[in-house]
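Take a look at the letters that make up each chain.
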Amino acid sequence: MTRSPARPDRAPLTPLAPLTVTAPRALATEAVHAGREDLAAQGLHAAPLDLSTTYPSADSRAEAARLDAFAATGAEFEGPPVYGRLGNPTVARFESALARLEGTESAVAFASGMAALTACLLARHAEGLRHVVAVRPLYGCSDHLLTGGLLGTDVTWTDPAGIAAAIRPDTGLVMVESPANPTLAETDLAAVAHACGSVPLLADNTFATPVLQRPAEAGARLILHSATKYLGGHGDVLGGVVACDEEFARRLRQVRFATGGVLHPLAGYLLLRGLATLPVRVRAASATAAELARRLAAHPAVARVHYPRLGGAMVAFEVCGDPHQVTAGVRLITPAVSLGSVDTLLQHPASISHRIVDAADRATGGISEKLLRMSVGLEDVEDLWRDLDAALSGRPSPAYREPAAAGAAAPPAGP
Ligand SMILES: *Cc1c(COP(=O)(O)O)cnc(C)c1O
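Below you will find a few notes about this structure. (Residues numbered from 1 in each chain as written. Predicted model: local features only at pLDDT ≥ 70, side-chain atom pairs only at ≥ 80, totals over all residues. Heavy atoms only, no water.)

1. As for the overall build of the protein
Step number 1: Each helix and strand in the protein was counted, giving 14 helices and twelve strands.
Step number 2: Its C-alpha atoms give the protein a radius of gyration of 24 Å, within 12% of the compact-globule value 22 Å for 415 residues.
Step number 3: For the protein, the spread of C-alpha atoms along the principal axes amounts to about 75 × 65 × 45 Å.
Step number 4: Out of the 415 residues belonging to the protein, those deemed buried represent 49%.
Step number 5: Long-range contacts, defined as pairs at least 24 residues apart, comprise 69% of the intrachain contacts of the protein with a sequence gap of at least 6.
Step number 6: About 19,500 Å² of surface is accessible on the protein, with carbon and sulfur atoms providing 57% of the total.
Step number 7: Positive and negative charge centroids in the protein, built from 36 and 41 side chains respectively, lie 3 Å apart. (Helix = DSSP H or I, 4+ residues; strand = E, 2+ residues; numbered from the N terminus. Rg over C-alpha atoms; globule rule 2.2 N^0.38 Å. Buried < 20%, exposed > 50% of the residue type's maximum accessible area, 1.4 Å probe, protein only. Contact = heavy atoms within 4.5 Å. Areas by Shrake-Rupley, 256 points an atom, 1.4 Å probe, with all protein chains shown as cover. Lys, Arg positive; Asp, Glu negative; His and termini not counted. Charge placed at Lys NZ, Arg CZ, Asp CG, Glu CD.)

2. Looking at the layout of surface pockets
Step number 1: If you add up the space inside the largest pocket, you get close to 530 Å³.
Step number 2: Contributing elements (two or more residues each) for the lining of the largest pocket: α3 (89–102) and α10 (246–259).
Step number 3: Among the elements that take part in the lining of the largest pocket, α3 stands out by supplying four residues, more than any other.
Step number 4: Across the lining of the largest pocket, the residue classes tally to eleven nonpolar, seven polar and six charged. (1 Å grid on protein atoms, 1.4 Å probe; cavity = no way out; pocket = protein on both sides within 12 Å on 5 of 7 lines; lining within 4 Å. Points joined across faces, edges and corners; volume = space filled by probe spheres on them. Nonpolar A, V, L, I, M, F, W, Y, C, P; charged D, E, K, R; others polar.)

3. Some points on the pattern of salt bridges
Step number 1: In this structure the tally under the stated criterion is 25 salt bridges.
Step number 2: The shortest N-O distance in the salt bridge between R25 and E30 comes to 3.0 Å.
Step number 3: When its relative accessible area of 26% is taken as the criterion, R25 is described as partly exposed.
Step number 4: Between E246 and R253 there is a salt bridge, and its shortest N-O distance comes to 3.1 Å. Each member of the pair E246 and R253 is classed as buried. (Salt bridge = Lys/Arg side-chain N within 4 Å of Asp/Glu carboxyl O.)

4. Things to note about the packing of aromatic side chains
Step number 1: Across all of its chains, the model carries two aromatic pairs by this definition.
Step number 2: On the basis of an interplanar angle of 85° and a centroid distance of 5.7 Å, the ring pair of F70 and F257 is categorised as edge-to-face. Residue F70 is located in helix α2 (residues 60–73), and its partner F257 is located in helix α10; the two are separated by 187 residues in the primary sequence.
Step number 3: For F70, a relative accessible area of 5% corresponds to the buried category.
Step number 4: Counting every residue linked through ring pairs, the aromatic cluster contains F70, F77 and F257.
Step number 5: Here the basic side chain of R251 rests over the ring of F248, its NZ or CZ set 4.9 Å away from the ring centre. (Phe/Tyr/Trp six-rings, centres within 6.5 Å; stacked < 30°, edge-to-face > 60°. Lys NZ or Arg CZ within 6 Å of the ring centre and 35° of its normal.)

5. Considering the site of the ligand
Step number 1: Around the ligand lies a shell of 14 residues, among which M114, D204, S226, T228 and K229 are the nearest.
Step number 2: In the environment of the ligand, an oxygen atom lies 3.1 Å from a nitrogen or oxygen atom belonging to the side chain of N181.
Step number 3: In this structure, D204 approaches the ligand through a side-chain N or O atom, which is 2.7 Å from a nitrogen atom.
Step number 4: In isolation the ligand has 380 Å² of accessible area, and contact with the protein removes 93% of it. (Near = heavy atom within 4 Å. Polar contact = N/O pair within 3.5 Å; in protein donor to acceptor, adjacent residues only side chain to side chain.)

Shown next, in the form of structure tokens:
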């Protein structure tokens, strides 16, 4: 078949040169512009969404050389990525933006936070380093992945002061969360990084986000995010990402290629969009959370409030009475697991987010049966307080009518 060249749709544009960033930019600016520097030169405003699973490979010899180079180094593909599991241009935009926000050379995205953690562990296990030193509490499924033996990990649990003594010749990672899920316990990341010596410190920064804390500056080599939470920010996308140096990123890309835990391009698109508003969302929700923490501390039905010195939009509190009654009593707040969305979520860690952790291990991590974890959203603080206060006091929320019982007369229609 011969092909005649297609008519151009329009006259060629005089291309603008892609921007190269030379001066450091503030976080709020990076959030809006990082990963998008080449768009104007392409005549685009929004980032394109590339859903391709495969890419034309007419020059097979050149493709073989590119695949050999990836197998040998794990370096990011220049040009079309051959196949969707090797890379995706939309996901790459999210990765480079997140790396800029965290202040790392690179970032590698995955299908979920758990897929991202799995890749970190497998990258170390492949080098014979199966031992992990970790500090409780961690997110329930992270605890389970380390403890349950699914990947053949051997874990030593310790407190921050015991890290240096717990490190062995086969230790591949030290893992901490700060503020931790769900107790919001804080760890001095710089002190922990120092105690790690040459062993990479993996810091889960899901709760703080780079808006409040940049663990790379404290010496963490791997920064993990459940992107499902604040980075996406709207409760409609699952994803995970590891921000790190390019050397570790190359190993993570090789693991991702071989194990397949890739981020879907639509998720990459939504995560890049979410990053643009991350600083504004985190600061606004944090201000509301700080006020709710202050009011909760004075509430007669609350025994103890946990709110990080760092700030943030997460609040944990222990109730005097039955925690299940509080999650059943909220009306504006959604009783649901997960966090970091525009709306406020409340859940009981011992029943849900940390259910998979043994009761004794939950207790070691300070996760009491009375503890509730709240992710504060962007609603008005007074509306949230009315709902929370009513649920804590066992009163019906004044702003909501209970649904009519089946068979009861319908409420009058009208304004
Ligand atoms: C939710 C969460 C994870 C796991 O992320 P997924 O995207 O649900 O796989 C890991 N760490 C923390 C702190 C989390 O809150």
